[in-house]
Amino acid sequence: MKQFLRFCMVGALGFVTDFSMLYLGVKVLGLGAVSGRILSFLIAATVTWKVNRHFTFVQQGQGSLREWAQYLLLTSLGGGINVIVYTIWLWLTDHSTLNLFLAVAAGSAVALAFNFAISKYAVFTRRQAAS
């Protein structure tokens, strides 16, 4: 349970990162809602990988490009769920700042449990067993 709570805290950081990058991408850089969301997901996933490996799953060292790629690939499945929920939300509403925020929140909530299981049992499991 403690691990899941830590994962949720890291997820909150990921959420803040995700929405901040989405806002910058859409409102400052002029990206579309979906392209901005993909960029924000990639940045947020990188942040959560790094923090999860040191805080949630207590891994030592810098990590590897292979581990990051595996994390990104596997959590992209959760990210796909996230983006689908996000896109449906925006399809049903306008693209106001509030709806961008609510769409990210809804997508993140749906993907949370999936990504925790993927992280715990597929990405960080090998080193975790050695600890």
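The model shown is predicted, which means the values in this text are computed figures rather than measured ones.

Basis of the calculations
Residues numbered from 1 in each chain as written. Predicted model: local features only at pLDDT ≥ 70, side-chain atom pairs only at ≥ 80, totals over all residues. Heavy atoms only, no water. Helix = DSSP H or I, 4+ residues; strand = E, 2+ residues; numbered from the N terminus. Rg over C-alpha atoms; globule rule 2.2 N^0.38 Å. Buried < 20%, exposed > 50% of the residue type's maximum accessible area, 1.4 Å probe, protein only. Contact = heavy atoms within 4.5 Å. Axes fitted to C-alpha atoms, helices over the stretch in contact; angles between N-to-C directions. Parallel < 35°, antiparallel > 145°, perpendicular 65-115°, else oblique. Left-handed = near helix turned anticlockwise from the far one by under 90°. Nonpolar A, V, L, I, M, F, W, Y, C, P; charged D, E, K, R; others polar. Phe/Tyr/Trp six-rings, centres within 6.5 Å; stacked < 30°, edge-to-face > 60°. Lys NZ or Arg CZ within 6 Å of the ring centre and 35° of its normal. 1 Å grid on protein atoms, 1.4 Å probe; cavity = no way out; pocket = protein on both sides within 12 Å on 5 of 7 lines; lining within 4 Å. Points joined across faces, edges and corners; volume = space filled by probe spheres on them. Core = buried A, V, L, I, M, F, W, Y, C linked by side-chain atoms within 4.5 Å.

### Brief notes about the overall build of the protein chain
Broken down by element type, the protein chain carries 5 helices and 0 strands. In sequence order, the protein chain lays out its α and β elements as α-α-α-α-α. Taken against the 2.2 N^0.38 rule, which gives 14 Å for 131 residues, the C-alpha radius of gyration of the protein chain at 15 Å falls within 12% of a compact globule. When the 131 residues of the protein chain are sorted by exposure, 37% land in the buried category. Considering only residue pairs separated by 6 or more positions, the protein chain has 69% of its internal contacts joining residues 24 or more positions apart.

### Quick look at the packing of helix α1 (residues 2-28) against helix α4 (residues 97-123)
Look at α1 against α4: their axes get within 9 Å of each other, and the N-to-C directions meet at 140°. With respect to α4, the element α1 is oriented oblique. Crossing angle aside, the handedness with which α1 passes α4 is right-handed. Within the contact between the two elements, α1 uses Q3, F4, F7, C8, F15, D18, F19, L22, Y23 and K27 and α4 uses T97, L100, F101, V104, A105, S108, L112, N115, F116, S119 and K120. When its residues are assigned to classes, the contact of α1 with α4 shows 13 nonpolar, 5 polar and 3 charged.

### So, the packing of aromatic side chains
This model, assessed by the stated rule, comprises 9 aromatic pairs. Pairing F19 with F101 gives two aromatic rings, centres 5.5 Å apart and planes at 90°, and the pair type is edge-to-face. Here F101 lies in helix α4 and F19 lies in helix α1, a separation of 82 residues in the sequence. F19 gets classed as buried once you look at its relative accessible area, which sits at 16%. By the ring-pair criterion, three or more aromatic residues cluster together here, those being F4, F7, F57, Y71, F116 and F124. Positioned over the ring face of F55 is R6, at 5.1 Å from the centre of the ring. A cation sits over an aromatic face here: R37 above Y86, 5.2 Å from the ring centre.

### Some details on the layout of surface pockets
By rolling a water-sized probe across the atoms, one finds the places where empty space is left. There is about 380 Å³ of room inside the largest pocket. Contributions of two or more residues to the lining of the largest pocket are made by α1, α2 (33-56), α3 (65-92) and α4. Broken down by element, the residue count for the lining of the largest pocket peaks at 8 residues, all from α1.

### A closer look at the nonpolar core
One finds F15, F19, L22, V26, A33, Y86, L90, L100, A103 and V104 forming the largest nonpolar core, which totals 10 residues. Elements supplying a minimum of two residues to this core: α1, α3 and α4. A per-element tally of this core places α1 first, with 4 residues. Not counting residues within four places of it along the chain, the set of residues in contact with F15 comprises F101, V104, A105 and S108.

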